[in-house]
Amino acid sequence: MQIKQLFAVLSVFVFGASFASQAYAATAWPANNTPRERTYVKDSVRKNLGQKNASLAAKYRSTMLDRFLKYTTYDSQSSDATDMTPEQIETAKKLYAEIQKFGFKTTLSEHYYIYVEIPSNVNWQTPTLGFSCHYDTTPDIIGKNIKAQKIAKYDGKPIQLKNGHTMTLETDPYLKQMIGKTIVTSDGTTMLSADDKAGVSVIVTLIQTLAENPAKKHGKIQIVITPNEDVGRSADYIEETPYNPDLAFDFDGGVNGEVVVSNFNAEKVIYRVHGVNGHQSMAAENGYRNAWKPACELGAACAKDEWLPNNSRGQQGYVELHHMDMGDGKVNVAELDFRLRDFRQQNIDDWKNYADKVAKEISAKYGVKIERAIAKQYGNVAENIHPQAHQVVANALKNAGVTPNFKEERAGTTASMLMLKLGKGAYTVFTGQNNPHAFTEWLSEEDMYKAYLVALNMTDEVVMMK
Ligand SMILES: [Zn+2]
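Residues numbered from 1 in each chain as written. Predicted model: local features only at pLDDT ≥ 70, side-chain atom pairs only at ≥ 80, totals over all residues. Heavy atoms only, no water.

**Points about the nonpolar core**
Argument step 1. Counting 77 residues, the largest nonpolar core has Phe131, Phe249 and Met458 as its most contacted members.
Argument step 2. Looking at this core, the element that brings in the most residues is helix α10 (residues 445-463), giving 10 residues.
Argument step 3. Within the second largest apolar cluster, 24 residues are counted, among which are Val273, Ala295, Ile362 and Ile374. (Core = buried A, V, L, I, M, F, W, Y, C linked by side-chain atoms within 4.5 Å. Buried < 20%, exposed > 50% of the residue type's maximum accessible area, 1.4 Å probe, protein only. Helix = DSSP H or I, 4+ residues; strand = E, 2+ residues; numbered from the N terminus.)

Printed below as a string of structure tokens:
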């Protein structure tokens, strides 16, 4: 816990002084940038474009699977202990070398983000479309020397992996839908790294498709492939100039049709109670005040039963008293670290107002100073999403023959961290990855292919906005 560092960088509120503004850094959509869908786009026009995409995509299907298998051999685990791992640097360089050959403006930033800009090839204004994914893999499980196993025409029988791992239709019911199709697993000694090599395969194949088929119309597209997603830091060094799209989609989701359209807002709120030092035996005379008692009272008042995580479900948020640091008698400082989660920012703001009121009362009652620090962790993508994002993805799914499964996530997503940084919302789209961060991780080739088709269809949806 690096509380000292946190207090140094965040606005600190001392009761008695005025509140630092904690306004949510959301950018409003400029009126002239808000696209309208052309009302005369007939279903038949859209269907025709979808069919063209399907035959174009079919040509790249085996290339994409080979690409995915190649990427699984790249070691790219991120780490909590360091900013960049040598494995990630190595992978970023390989990806950069591969992508820049397609001829679009490709940049490898000093923090190893890969940016690609595909210029519009139509002569009317379209919103900029953005695609993101991540090349790092989780440090939580063995991820070196991955030996992927391709299983073509899966027969539905149990899949025996090394080290005693078995996958069956019972343990993985979704495998039932893969009978007769191609899936990829690890050999059981490592994860597979479909999270998010599947997303990277989709995006790189999309870049290749647009490069090799210049007749295909599209608007401006910005792409970012990030490091450090699996350690929660993929947005840390993202740059706004190369990646600031109007409509953004993160390709890091699960199974066919799944699109995450809403998630928690998240804030960390820390109260620090300063006692007054002195010898306890002379407290009446020397003004000694213990920090623990007011801290405990504040903790109890601000984490009410009805706000506890165990009483929260669906769209309901919660307040978690995540950490208490009571210091010792000498330091006489106590800290309470609250984690707030809610789909509605307003609820979080209401809690903060309530907690501040209680803190003020306790501060006065015990004669102790109380400070507050706030760190916004991620935002609900639904609270500042492009007005037509939903329509774009819904049309793109439909045109790819995919049944939509719009989901709410009781957590954060990479898209939500990017949102906080860029002030815009983005949806998370499926990629075909299953059981991420496990020895039994597997890829549905069919779902990865459909995700790529959906991305291609999205480029048309944007072109149709005029
Ligand atoms: Zn991921």
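Moving on from the coordinates now.
**Some remarks on the side chain of Arg233**
Argument step 1. Within the fold, Arg233 resides in the loop between β9 (221-226) and β10 (247-253).
Argument step 2. Lacking a salt bridge, the buried Arg233 has Asp236 as its closest oppositely charged neighbour, with an N-O distance of 4.2 Å.
Argument step 3. In contact with Arg233, not counting residues within four places along its chain, are Ser79, Asp80, Thr82, Asp83, Tyr113 and Asn228. (Lys, Arg positive; Asp, Glu negative; His and termini not counted. Salt bridge = Lys/Arg side-chain N within 4 Å of Asp/Glu carboxyl O. Contact = heavy atoms within 4.5 Å.)

**Some points on the pairing of strand β14 (residues 333-342)**
Argument step 1. With 10 of 10 residues buried, β14 lies mostly within the body of the structure.
Argument step 2. Burial of the side chains of β14 extends over both faces: Val333, Glu335, Asp337, Arg339 and Arg341 are buried on one face and Ala334, Leu336, Phe338, Leu340 and Asp342 on the other.
Argument step 3. Pairing analysis gives 10 bridges linking strand β12 (residues 265-274) to β14, with the strands arranged antiparallel. The partner of Asn265 across the bridge, within β14, is Asp342.
Argument step 4. Of the strand pairs in this sheet, strand β13 (residues 318-325) and β14 are connected by seven bridges, and their pairing is antiparallel. Across the sheet, residue Glu320 finds its bridge partner in β14, namely Arg339. (Pairing = 2+ DSSP bridges.)

**Examining the coordination of the zinc ion**
Argument step 1. Ligation of the zinc ion by protein atoms is provided by His134 (NE2), Asp195 (OD), Asp252 (OD) and Asp252 (OD), these donors lying 2.0 to 2.4 Å from the ion.
Argument step 2. In this structure, the zinc ion is coordinated by four donor atoms arranged in irregular fashion, with angles at the metal of 55 to 145°.
Argument step 3. Mapping the donors of the zinc ion onto the primary sequence gives the spacing H-x60-D-x56-D. One end of the pair, His134, is in strand β4 (residues 129-134); the other, Asp195, is in helix α4 (residues 194-212), with 61 residues separating them in the sequence.
Argument step 4. A residue is classified by how much of its surface remains accessible, and His134, at 1% relative accessible area, is buried. (Donors = N, O, S within 2.8 Å, 3.2 Å for Na, K, Ca; no water. Tetrahedral: all angles 85-135°; square planar, octahedral: opposite > 155°, others 65-115°.)

**So, the packing of helix α6 (residues 292-302) against helix α7 (residues 345-366)**
Argument step 1. Relative to each other, α6 and α7 sit at 155°, their axes nearing to 10 Å. Taken together, the axes of α6 and α7 lie roughly antiparallel to each other. Considering how the two elements wind past one another, α6 and α7 form a crossing that is right-handed. Together, Lys293, Pro294, Glu297, Leu298, Ala301 and Cys302 of α6 and Trp351, Tyr354, Ala355, Val358, Ala359, Ile362, Lys365 and Tyr366 of α7 make up the contact between the two elements.
Argument step 2. Its residues assigned to classes, the contact of α6 with α7 shows 11 nonpolar, no polar and three charged. (Axes fitted to C-alpha atoms, helices over the stretch in contact; angles between N-to-C directions. Parallel < 35°, antiparallel > 145°, perpendicular 65-115°, else oblique. Left-handed = near helix turned anticlockwise from the far one by under 90°. Nonpolar A, V, L, I, M, F, W, Y, C, P; charged D, E, K, R; others polar.)

**Details of the packing of aromatic side chains**
Argument step 1. Under the defined criterion, the tally for this structure stands at 11 aromatic pairs.
Argument step 2. Plain terms: the ring middles of Tyr71 and Tyr74 are 5.6 Å apart, the flat faces sit at 50° to each other, and that makes the pair tilted. Neither residue differs from the other here; Tyr71 and Tyr74 are each classed as buried.
Argument step 3. Centroid distance Phe249 to Tyr427: 6.3 Å. Interplanar angle 65°. Geometry classified as edge-to-face. With a gap of 178 residues between them, Phe249 in strand β10 and Tyr427 in strand β17 (residues 426-430) connect regions that are remote in the sequence. The same class applies to Phe249 as to Tyr427, namely buried.
Argument step 4. Over the face of the ring belonging to Tyr449 we find Arg61, whose NZ or CZ atom lies 4.1 Å from the ring centre.
Argument step 5. For the cation-ring pair, Lys94 lies above Tyr74, with the distance from its terminal atom to the ring centre recorded as 4.2 Å. (Phe/Tyr/Trp six-rings, centres within 6.5 Å; stacked < 30°, edge-to-face > 60°. Lys NZ or Arg CZ within 6 Å of the ring centre and 35° of its normal.)

**Here we look at the pairing of strand β3 (residues 114-118)**
Side-chain positions along a regular strand alternate between the two faces of the sheet.
Argument step 1. Most of β3 sits inside the fold, with four of its five residues counted as buried.
Argument step 2. Sheet topology note: the strand β2 (residues 105-108)/β3 ladder contains four bridges and is antiparallel. The partner of Thr106 across the bridge, within β3, is Val116.
Argument step 3. Counted along the chain from β2 to the antiparallel partner β3, the turn is five residues long, and its residue Tyr112 has a positive phi close to 65°.
Argument step 4. Bridging between β3 and β9 involves five bridges; their strand directions are antiparallel. From the neighbouring strand, Ile114 faces β9, where its bridge partner is Ile225.

**Brief notes about the sheet that holds β10**
Argument step 1. Pairing is mixed in the open sheet, where eight strands are placed in the order β2-β3-β9-β4-β10-β17-β11-β16. Looking at strand neighbours, the two that pair on one side only are β2 and β16 (405-409), the edges of this open sheet. Strand after strand, the sheet turns through a mean of 25° between neighbouring axes, direction not considered.
Argument step 2. Sheet topology note: the β4/β9 ladder contains six bridges and is parallel. The residue bridging Leu129 from the neighbouring strand is Ile221, located in β9.
Argument step 3. Sitting on the sheet, helix α9 (residues 414-422) is in contact with β4, β10, β11 (258-263) and β17, with an inclination near 145° to β10.

**Quick word on the domain arrangement of the protein**
Argument step 1. Parsing the protein into structural domains produces domain 1 (3-26 + 269-378) and domain 2 (41-263 + 384-463).
Argument step 2. Relative placement of domain 1 and domain 2: their C-alpha centres are 40 Å apart.
Argument step 3. Facing 13 residues of domain 1, the contacting portion of domain 2 comprises 13 residues.
Argument step 4. A combined buried area of about 1000 Å² lies between domain 1 and domain 2, and 58% of that area is made up of carbon and sulfur atoms.
Argument step 5. Viewed at the interface, domain 2 and domain 1 are joined by zero salt bridges.
Argument step 6. Our count for the contact surface shared by domain 1 and domain 2 stands at five residue pairs in polar contact (both at pLDDT 80 or more).
Argument step 7. Looking at the side of domain 1 that touches domain 2 element by element, the count peaks at three residues for strand β15 (residues 369-378).
Argument step 8. Of the residues that constitute the side of domain 1 that touches domain 2, the class distribution is six nonpolar, five polar and two charged. (Domains from an automatic or database assignment. Buried area = accessible area lost by both parts, 1.4 Å probe. Polar contact = N/O pair within 3.5 Å; in protein donor to acceptor, adjacent residues only side chain to side chain.)

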